[in-house]
Amino acid sequence: MTLQAPKGTFDWLPPRSERALAVREALTAPARRAGYGYIETPVFEDTALFVRGVGESTDIVSKEMYTFEDKGGRSITLRPEGTASVVRAVLQHGLHNGQLPVKLWYSGSQFRYERAQKGRYRHFWQVGAEALGSEDPALDAELILLAVDGYAALGLTGVRLLINTLGDRECRPVYRAALQDFLRGLDLDEPTRQRIEINPLRVLDDKRPEVQERLAGAPLVVDHLCGACKAYHEEVRSLLTASGVAYTDDPRLVRGLDYYTRTTFEFVHDGLGSQSAVGGGGRYDGLSEMLGGPALPSVGWALGVDRTVLAMEAEGLFPGDGEQARVQVYGVPLGEEARRRMFLLVTELRRAGLAADMSFGGKGVKGAMKGADRSGASHAVILGERDIAAGTAQVKDLVSGEQAAVPLAEIVMTLKERLDK
Ligand code: HAM
């Protein structure tokens, strides 16, 4: 058997791969327009970054990391997310010593050893945006809007926004204790009981219906917010409303990473089955300090590229792109001399800005014309021995079937005139 890609991974192949590129472009364009700069961090980092940043008790760190020892004996982890790396890079290079907030966007592969299923992969792609160093509800609202605009630019209509707040270091501990008190009184299995002690908020996120039933009367963070957190959350919500953004308050929204404070949000799509989150994010005011840096209140999001493609497919937003042309012009050389001439002509066409390909491998006229057809090109340039002798080539309109001899020196100009509309 030939080798297969590892479980939970997949290949992006043309023409579908174009969808991933289009999604990346559209989801990051609003952030770029809002002054976010591009950052690229390593695909692997010291394991300690994620243990400290994402949190030891999270599923990501406790079960899902691709961790290995490198040849120098260091513990290395393939990044499961981008935020911890961005904060690490900002601190390392002192970007926070300049103008605040530091606004950055990124795009790249993430790795999580998850149970693979549709929409949940072990190697997947995110785009992200982070604004570091400002505590300002307008920044939370800005980021949410940028994501909303990105989804809208793709034509998606089924993306819903859920928002919540998790309080801050003042009110969260009080809430946590109240929740623990409530949870300890429930009849729950041993692993869940352990989670109450380590990360009680995660218990709220338990997907089992019998557990959800028992959680019905659980205390909610909204009822335990301090005055500052309440006012902050009200301002974020009011800015969203003023910008015409529809959202649902979800007091049970719990994110899978430990660094969140105050605003949290998720974008969900109902066309994806159980993996409905197409994006998520929130404020992480304490992360910099967790990584040994100064106080750097920050907010950001990451949007799943492959899940967004799935959501768009579910909405039927890519009609007929499978038939899209690969190139505009296709060269059909007949014979050895024609092949050399065609190679140069195709190069010239490409340099003139046209998308051009040619038949390779010394195919006969039938095979080469089939290649022209499959390429989706609207024009073929056919070059035989007689044409070479006459200093011409046949330019064939593959839609109408019309064909005419054109002097070799005029081919590029003729095709540019016809195709540059
Ligand atoms: P996250 O919610 O873990 O947040 O991931 C964000 C998005 O990545 C998800 O909504 C989903 O679309 C996609 N995603 C996550 N896991 C998978 C997977 N196994 N397969 C396919 N897609 C997946 C974060 O990663 C945070 N760093 C977001 C953030 C940035 N918070 C603040 N700044």
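Up top is the structure these notes are about.
Let me sum up the structure you'll find in this document. Just so it is clear, the model here is predicted, and its values are computed rather than measured.

Notes on the site of the ligand
Close to the ligand lie 27 residues, the nearest being Glu81, Glu114, Tyr121, Glu130 and Tyr260. Here Val278 contributes a backbone N or O atom positioned 3.1 Å from an oxygen atom of the ligand. Protein chains bury 96% of the 660 Å² of accessible surface belonging to the ligand in isolation. When contributions to the shell around the ligand are tallied by element, the ones reaching two or more residues are strand S6 (123–132), strand S10 (277–283), strand S11 (298–304) and helix H12 (305–314).

Looking at the sheet that holds strand S2 (residues 44–46)
Judged by pairing direction, the sheet is antiparallel, and its three strands sit side by side in the order S2-S4-S3 without closing on themselves. At either margin of the open sheet sits one strand with a lone partner, and together these are S2 and strand S3 (66–69). The sheet shows a mean angle of 35 degrees between the axes of neighbouring strands, taken without regard to direction. As judged from the three bridges shared by S2 and strand S4 (residues 75–78), these two strands associate in the antiparallel manner. Within S4, the residue paired with Asp46 across the bridge is Ile76.

Re the packing of helix H5 (residues 137–153) against helix H10 (residues 227–242)
At their nearest, the axes of H5 and H10 sit 8 Å apart, and the two run at 40 degrees to each other. Taken together, the axes of H5 and H10 lie oblique to each other. By crossing handedness, the relation of H5 to H10 is classed as right-handed. Together, Pro137, Ala138, Asp140, Ala141 and Ile144 of H5 and Tyr232, Glu235, Val236, Leu239 and Leu240 of H10 make up the contact between the two elements.

Quick notes on helix H4 (residues 83–93)
The element H4 is extensively covered by neighbouring structure, given that nine of its eleven residues are classed as buried. Looking at the buried residues of H4, the elements they touch are S2, helix H2 (47–53), strand S5 (102–111), S6 and helix H11 (287–290).

Looking at the environment of Tyr232
With respect to the helices and strands, the residue Tyr232 is situated in helix H10. When its relative accessible area of 6% is taken as the criterion, Tyr232 is described as buried. Tyr232 sits 94 residues away from Ala138 along the chain, and the two C-alpha atoms are 9.7 Å apart. Apart from residues lying up to four places away in sequence, Tyr232 is in contact with Glu135, Asp136, Pro137, Asp140, Arg262, Thr263 and Arg283. A polar contact of 2.7 Å, which involves the side chain of Tyr232, links it to the side chain of Asp140.

Analysis parameters
Residues numbered from 1 in each chain as written. Predicted model: local features only at pLDDT ≥ 70, side-chain atom pairs only at ≥ 80, totals over all residues. Heavy atoms only, no water. Near = heavy atom within 4 Å. Polar contact = N/O pair within 3.5 Å; in protein donor to acceptor, adjacent residues only side chain to side chain. Areas by Shrake-Rupley, 256 points an atom, 1.4 Å probe, with all protein chains shown as cover. Helix = DSSP H or I, 4+ residues; strand = E, 2+ residues; numbered from the N terminus. Pairing = 2+ DSSP bridges. Axes fitted to C-alpha atoms, helices over the stretch in contact; angles between N-to-C directions. Parallel < 35°, antiparallel > 145°, perpendicular 65-115°, else oblique. Left-handed = near helix turned anticlockwise from the far one by under 90°. Contact = heavy atoms within 4.5 Å. Buried < 20%, exposed > 50% of the residue type's maximum accessible area, 1.4 Å probe, protein only.

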